[in-house]
Amino acid sequence: MARKDSESSCSSDDSHTAEDYTLANDAVVTKYHVAAEITNAVLKEVIANIKEGAVVGDLCDLGDKLILERTAKLYKKEKNFTKGISMPTCISVDNCICHYTPLKSEPQVTLKNGQVVKIDLGTHIDGLIATAAHTVVVGASKDNKVTGKTADLIRGTYETLEIAIRSLRPDTINNDITKNIDKAAAEFGLTPIENMLSHQLERNEIDGEKKIIQNSAEKQKGEIEKVKIDKHEAYAIDILLSTGKGKPKDLDTRTTVYKKNESVSYQLKMKASRVFFTEVNKQHGPMPFTLRSSEDEVKAKMGVVECEKYGLLIPYPVLYEKEGEFVAQFKATVLVMPNGLLKIAGLPLDTEVYQSDVTVKDPELQTVLKSALKPKKKKEAKKDDAAAAKKA
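Quick summary incoming for the structure in this document. Predicted model, so just to flag it, every value in this text is computed and none were measured.

What counts, and where the lines are drawn
- Residues numbered from 1 in each chain as written.
- Predicted model: local features only at pLDDT ≥ 70, side-chain atom pairs only at ≥ 80, totals over all residues.
- Heavy atoms only, no water.
- Pairing = 2+ DSSP bridges.
- Helix = DSSP H or I, 4+ residues; strand = E, 2+ residues; numbered from the N terminus.
- Contact = heavy atoms within 4.5 Å.
- Axes fitted to C-alpha atoms, helices over the stretch in contact; angles between N-to-C directions.
- Buried < 20%, exposed > 50% of the residue type's maximum accessible area, 1.4 Å probe, protein only.
- Salt bridge = Lys/Arg side-chain N within 4 Å of Asp/Glu carboxyl O.
- Core = buried A, V, L, I, M, F, W, Y, C linked by side-chain atoms within 4.5 Å.
- Expected span 1.5 Å × (residues − 1).
- Polar contact = N/O pair within 3.5 Å; in protein donor to acceptor, adjacent residues only side chain to side chain.
- Arc of directions from axis to C-beta.
- Parallel < 35°, antiparallel > 145°, perpendicular 65-115°, else oblique.
- Nonpolar A, V, L, I, M, F, W, Y, C, P; charged D, E, K, R; others polar.
- Phe/Tyr/Trp six-rings, centres within 6.5 Å; stacked < 30°, edge-to-face > 60°.
- Lys NZ or Arg CZ within 6 Å of the ring centre and 35° of its normal.

In this section: the sheet that holds strand S12 (residues 289–290). The strand order across the open sheet built from three strands is S12-S11-S13, with neighbouring strands paired in antiparallel fashion. Looking at the sheet topology across the chains shown, the edges are occupied by S12 and strand S13 (313–316). Two elements, strand S11 (residues 257–260) and S13, share four bridges in a ladder whose sense is antiparallel. Bridge assignment links Lys 260 to a residue of S13, and that residue is Leu 313. Each of S11 and S13 touches helix H6 (residues 297–309); the most contacted strand, S13, lies at about 105° to it.

This is the structure:
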């Protein structure tokens, strides 16, 4: 999930050495792939249920339930092995930017045809995270295509994601990827949501050390550490673009998504807070979770207050763009490998449904967009050149 720059990352206790969990280890890459397969499959199923009359809370429940069911079947014999949700299912509609997963006691939000819906969720296997997000229009299909401003938004956001992914090459500076994101958005007449972050993924850390910011505000410039992308790193590349000015607002919607802040310790005073925090530790560990998943919502609402007040939990606030504007989100999990990039989580855009006449015209961005995730080896390139010469 994209996070505002003011939020801190966490670290977690780990009985294993860091070397055990690098992408140089084939077993680690396999676990990432397993997590990604579940993320993609569940994302597809949630999208299939997005239709007029669908209830947002029910869709959130469906995504979380499917992730837990599928992960429960795997690695049953492993000891000290965690698996499950790495990002609870969030369904954010129209000008709502992110992190919306309402409490069951709150009024139901029902989808209507024509609404722009963002679905964001994630899975982890042994603390190795694969997360993805996708945007659809309610009621859109091959017989009911999306065109105009909404299609430009969705196509533009998706192509900006593809450019950002293809910019994620070893030795690239994160600030250069930021420039490509901002330039690509401008090609479609869109604005990146201010100060949203893409993060390096590390074991048990959804917001790892290295960050890529989009549309950094003046006060944030220079605050994101300048870093190089390296081989054997994993990233969640998260792109959120708007038809408006891209300035997120925290309105009155209750925050329901949180994550433990492992850098803070505090002795909770209230019994309700202690019980709640113990359950968070037991059920979710270092992963983001939603209060919606609590069996006793009233006790969860009581317990979370003191935990948040003293910094034990980091909130993921529900953010909004200006009323009347629309926001799209596409996110993918990418592994930076010695032989190229692996986009393991994240779904392709259905270009038959979302038809835009706007294209990337900037020559540098065109080159990036057309570049292969895995560059061809010299022998393969020579064969292709020979085949092309024969045809000519």
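On to the environment of Leu 66. Note that Leu 66 resides in helix H2 (residues 56–72). Separated by 23 residues in the primary sequence, Leu 66 and Leu 43 place their C-alpha atoms 9.6 Å from one another.

On to the pairing of strand S5 (residues 128–137). Here S5 lies mainly inside the structure; 10 of its 10 residues are buried. Side chains Leu 128, Ala 130, Ala 132, His 134 and Val 136 project from S5 onto one buried face, and the interleaved Ile 129, Thr 131, Ala 133, Thr 135 and Val 137 project onto a second face that is buried too. Here strand S4 (residues 116–125) pairs with S5 via 10 bridges, running antiparallel. Each bridged residue has a counterpart across the sheet, and for Ile 119 the counterpart in S5 is His 134. Between the antiparallel neighbours S4 and S5 lie two residues, among them Asp 126 with a positive phi of about 60°.

Any two side chains of opposite charge can pair, given that their charged atoms come close. The final tally for this structure, using the stated rule, is 20 salt bridges. Of the charged contacts, one joins Glu 69 and Lys 65 as a salt bridge, the two residues approaching to 3.2 Å between their closest N and O atoms. On the criterion of helical spacing, the pair formed by Glu 69 and Lys 65 is a turn pair, its members being four residues apart in helix H2. Classification of Glu 69 by relative accessible area gives partly exposed; the value is 37%.

Let's shift gears to the nonpolar core. With 90 residues, the main nonpolar core has Tyr 32, Leu 111, Val 117, Ile 119, Leu 168, Ile 237 and Leu 335 as its most contacted residues. Residue contributions to this core peak at 11 residues, all from helix H1 (residues 26–48). Other than its neighbours up to four places away in sequence, Leu 168 contacts Ile 177, Ile 212, Ile 229, Tyr 235, Ile 237, Val 334, Val 336 and Leu 341. Core analysis: the second largest hydrophobic core is formed by 13 residues, Leu 103, Val 280, Phe 289 and Leu 313 among them.

Structural remark: α-helix, 3.6 residues per turn; residues separated by three or four positions point the same way. The end-to-end C-alpha distance of H6 is 19 Å, a good match for the 18 Å that 13 residues give at a rise of 1.5 Å each. Buried positions along H6 lie against S11, helix H5 (271–284) and S13.

Along the chain, Ser 198 falls in strand S7 (residues 196–201). From its side chain, Ser 198 meets the backbone nitrogen of Asp 238 in a polar contact 2.8 Å long.

Take the side chain of Thr 290 next. Mapped onto the elements of the fold, Thr 290 is located in strand S12. Polar side-chain contacts of Thr 290 include one of 3.0 Å to the backbone nitrogen of Arg 292. Among residues more than four places away in sequence, those in contact with Thr 290 are Asp 64, Pro 88, Thr 101, Thr 256 and Val 257.

In this model, helix H4 (residues 174–187) (14 residues) spans 20 Å end to end at C-alpha, consistent with the 20 Å of a helix rising 1.5 Å per residue. Those residues of H4 that fall on the buried side of the exposure criterion are Asn 174, Ile 177, Thr 178, Asn 180, Ile 181, Ala 184 and Ala 185. Along the axis of H4, the buried positions cluster into a sector of 160°, meaning they face one direction only. Every exposed residue of H4 that faces more than 90 degrees away from the buried side is listed here: Lys 179 and Ala 186. Its buried side turned inward, H4 meets helix H3 (148–166), strand S6 (191–192), strand S8 (211–214), strand S9 (233–242) and helix H7 (363–370). Looking at the residues trailing H4, positive phi occurs at Gly 189, about 70°.

Attention shifts here to the packing of H4 against H7. With their axes 11 Å apart at the nearest point, H4 and H7 run at an angle of 105° to one another. Comparing the axis directions of H4 and H7 gives the class roughly perpendicular. Contacts between H4 and H7 involve Asn 180, Lys 183, Ala 184 and Glu 187 from the former and Glu 364, Leu 365 and Val 368 from the latter. Considered class by class, the residues forming the contact of H4 with H7 number three nonpolar, one polar and three charged.

So, on to the sheet that holds strand S10 (residues 249–250). A sheet is described by the order of its strands in space; here three strands give the open sequence S3-S14-S10, paired in antiparallel fashion. Where the open sheet ends on each side, the last strands, each with one partner, are strand S3 (96–98) and S10.

Glancing now at the packing of aromatic side chains. For the structure on display, the rule yields five aromatic pairs. Aromatic pair Tyr 75 and Phe 81: ring centres 4.9 Å apart, planes at 25°, arrangement stacked. The class for Tyr 75 is partly exposed, based on a relative accessible area of 26%. Its relative accessible area of 15% is what places Phe 81 among the buried residues. Note on Tyr 266 and Tyr 310: the rings are 4.1 Å apart at their centroids and 10° apart in plane angle, and the pair reads as stacked. With a gap of 44 residues between them, Tyr 266 in the loop between S11 and H5 and Tyr 310 in the loop between H6 and S13 connect regions that are remote in the sequence. One aromatic cluster in this structure is built from Tyr 258, Phe 276 and Phe 289. Cation over ring: Arg 203 sits above Tyr 21, and NZ or CZ is 4.0 Å from the ring centre.

What is shown is where atoms sit, not what they do.
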